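Summary of the model geometry
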Amino acid sequence: MTDNNQTDIKAERHKQRQQKVKAAVDAKIAAATEEKGILLVVTGNGKGKSTSGFGTLARAVGHGKQGAVVQFIKGTWECGERKLLEGAGVKFEVMGTGFTWDTQDKAKDIAAAEKAWTAAEKWLQDASIDILLLDELTYMVSYHYLDLQRVIDALQNRPPMQHVIITGRNCHRQLIELADTVSEVNSVKHAFEAGVKAQPGFDY
């Protein structure tokens, strides 16, 4: 058999494999007919959860959608995403107390979480908000700063076409069960563990 014949056979086999792949993908696309607001959870111990949430939000804004963000476990430091997206009309509510090891004041943290969640509940009832990012919400549930059932009720009763993104480590299993899509970000290595400090424009 000549080299040309072998090349032709390999090319034909590749084409047949790709045709099967295309047929399977086309069938899934044809079967996906429902339109609804998606609840996305991005969890895990790796870097990039909030970044993923902001990226999805930016995509929606690029399509002319109205977005809003509630940031939990965030301080008063500059946030590149906030500076950019507020300029595009995205509404923000920032808890503003920083990390719990900074405040060392549980009562203050709970009060700040309540204020931030009140804004979230308002937006979860507003059909004009197409996409809502609840950044680091998982901590509010795991620290018992917010009642889990209250969170679930608000998510379940939101406008039917509203998308919601929840980010943070150790997401409660009931939120994972409620979600339509769940992504887990795992850490392989992190510059901070090697003594590299967080840097503006890359880490925040």
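Residues numbered from 1 in each chain as written. Predicted model: local features only at pLDDT ≥ 70, side-chain atom pairs only at ≥ 80, totals over all residues. Heavy atoms only, no water.

Per an unreviewed UniProt entry, the chain is named Corrinoid adenosyltransferase, and its organism is Shewanella chilikensis. Per its UniProt entry, the chain bears the Sequence similarities (unreviewed entry) comment "Belongs to the Cob(I)alamin adenosyltransferase family." The Function (unreviewed entry) comment attached to the chain in UniProt states, word for word, "Required for both de novo synthesis of the corrin ring for the assimilation of exogenous corrinoids. Participates in the adenosylation of a variety of incomplete and complete corrinoids." (UniProt positions renumbered as here; feature names shortened; annotations may be inferred.)

What follows deals with the sheet that holds strand E6 (residues 181–184). Backbone hydrogen bonds are what pair the strands of a sheet, in a parallel or an antiparallel way. Strand order in the open sheet formed by six strands is E3-E2-E4-E5-E1-E6, with parallel pairing between adjacent strands. The open sheet terminates on both sides in strands that have one partner only, identified here as strand E3 (91–94) and E6. Going across the sheet, the axis of each strand differs from the next one's by a mean of 10°, ignoring polarity. The strands touched by helix H5 (residues 106–123) are strand E2 (67–71), E3 and strand E4 (131–135); relative to E3, the strand with the most contacts, the crossing angle is about 155°. (Pairing = 2+ DSSP bridges. Helix = DSSP H or I, 4+ residues; strand = E, 2+ residues; numbered from the N terminus. Axes fitted to C-alpha atoms, helices over the stretch in contact; angles between N-to-C directions. Contact = heavy atoms within 4.5 Å.)

Tallying each qualifying case throughout the model produces four salt bridges. Residues Lys-36 and Asp-180 are paired through a salt bridge, measuring 2.8 Å at the closest nitrogen-oxygen approach. Of this pair, Lys-36 sits in the loop between helix H1 (3–31) and strand E1 (39–43) while Asp-180 sits in the loop between helix H8 (173–178) and E6, placing them 144 residues apart in sequence. On the basis of relative accessibility, which here comes to 33%, the residue Lys-36 falls in the partly exposed class. For Glu-121, the salt bridge is made with Arg-150, and the minimal N-O distance between the two is 2.9 Å. Here Glu-121 is found in helix H5, whereas its partner Arg-150 is found in helix H7 (residues 148–156), with 29 residues between them in sequence. Taken together, the salt bridges that share partners define one network made up of Glu-114, Glu-121 and Arg-150. (Salt bridge = Lys/Arg side-chain N within 4 Å of Asp/Glu carboxyl O. Buried < 20%, exposed > 50% of the residue type's maximum accessible area, 1.4 Å probe, protein only.)

Attention now moves to the layout of surface pockets. In this structure, the second largest pocket encloses a volume near 280 Å³. Taken together, 13 residues line the second largest pocket, and the ones lying closest to its centre are Thr-56, Ala-60, Asp-130, Ile-131 and His-163. Its residues assigned to classes, the lining of the second largest pocket shows seven nonpolar, three polar and three charged. (1 Å grid on protein atoms, 1.4 Å probe; cavity = no way out; pocket = protein on both sides within 12 Å on 5 of 7 lines; lining within 4 Å. Points joined across faces, edges and corners; volume = space filled by probe spheres on them. Nonpolar A, V, L, I, M, F, W, Y, C, P; charged D, E, K, R; others polar.)

Phe-72, Trp-117, Leu-132, Leu-134, Leu-137, Met-140 and Leu-155 are the most contacted members of the largest nonpolar core, which totals 33 residues. Counting only elements with at least two residues in this core, the list comes to E1, E2, H5, E4, helix H6 (137–142), H7 and strand E5 (163–167). No other element matches the six residues that H5 contributes to this core. In this structure Leu-132 touches Ala-68, Val-69, Val-70, Ala-120, Trp-123, Leu-124, His-163, Val-164 and Ile-165, once residues within four positions along its chain are discounted. (Core = buried A, V, L, I, M, F, W, Y, C linked by side-chain atoms within 4.5 Å.)

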